[in-house]
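Chains, contacts and geometry: an overview
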Amino acid sequence: MRVLVVEDNQDLQANLASFLAPDFTLDFASTGPEGLSLALANTYDAIVLDLALPGMDGLEVCRALRQLAPRLVPVLMLTARDSLDDKEEGFTAGADDYLVKPFSLRELRWRLEALGRRPVPPSGRRLLFGELELEPEGGWARRGEQRVRLNRTEALLLRLLMEAAPSAVPAATLAHRLWGDEAPEGSTLRTHVYGLRRTLGALGLEQLIVTRRHEGYALEEPPRG
């Protein structure tokens, strides 16, 4: 895997290089603008992104990356902030995973490997549900002339729901398709669903994803009138 690490702590950079370099190809950036520039200029399998960065913080970098990058690259966000609201903010900005400092280097490695195994939304095939159109290749959701960029997890989550629609998909099935046997804590899926709802809200489709008790998540067209 080729991984970009955007982290301004030089000691942590050195530790990551020592631990990961034997099996990963690593590039490093110490500021937000430098990290964004490298991310847009090169092809990476994953990006490790610190939240507190000089120049641009990690949230700004992640949002810009989701708007400007030609392909969906999984982002693992690093931060000392561990509240549920902080995690929600990270996922909403476009992060695919979230690791709280201090963390185990072994856990970081497992998470990077899991991101690398995560299936990429298929290219070239557009999916439709009512007025919603998904372009998996670029991660764009479209309604008429409006469109919004999804992160990689949101794109895969929406694809799974669109392929199953109008049937519901159990939460356990979604978690396994998204993360395999290394699914994170239960609230993570709910946070991603909430983030996807907010993203679709920019298209006026925030009510499209519904929760069916004892069944899972599904897409339902809102009632007209």
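Structure's up top.
Conventions used here
- Residues numbered from 1 in each chain as written.
- Predicted model: local features only at pLDDT ≥ 70, side-chain atom pairs only at ≥ 80, totals over all residues.
- Heavy atoms only, no water.
- Salt bridge = Lys/Arg side-chain N within 4 Å of Asp/Glu carboxyl O.
- Helix = DSSP H or I, 4+ residues; strand = E, 2+ residues; numbered from the N terminus.
- Buried < 20%, exposed > 50% of the residue type's maximum accessible area, 1.4 Å probe, protein only.
- Expected span 1.5 Å × (residues − 1).
- Arc of directions from axis to C-beta.

With that settled, consider the pattern of salt bridges. Counted under the stated rule, the structure contains 13 salt bridges. One salt bridge in this structure joins Arg 109 and Glu 113, with 3.2 Å as the shortest N-O distance. Note that Arg 109 and Glu 113 are positioned in helix H5 (residues 105–117) at a spacing of four residues, about one turn of the helix. Residue classification places Arg 109 among the partly exposed positions, given a relative accessible area of 22%. Between Arg 143 and Glu 131 there is a salt bridge, with the nearest N and O atoms lying 2.8 Å from each other. Note that Arg 143 is positioned in strand E8 (residues 140–143) and Glu 131 in the loop between strand E6 (127–129) and strand E7 (132–135), a separation of 12 residues in sequence. Each member of the salt-bridge network shares a partner with another, and the members are Glu 7, Asp 50 and Lys 101.

This part covers H5. Taking 1.5 Å of rise per residue, 13 residues should cover 18 Å, and H5 covers 19 Å from first to last C-alpha, within 8% of that figure. Within H5 the residues assigned to the buried category are Leu 108, Leu 112, Ala 114 and Leu 115. Viewed along the axis of H5, the buried residues span an arc of 160°, placing them on a single side of the element. Seen from the open side of H5, the exposed residues pointing more than 90 degrees away from its buried face are Arg 106 and Arg 117.

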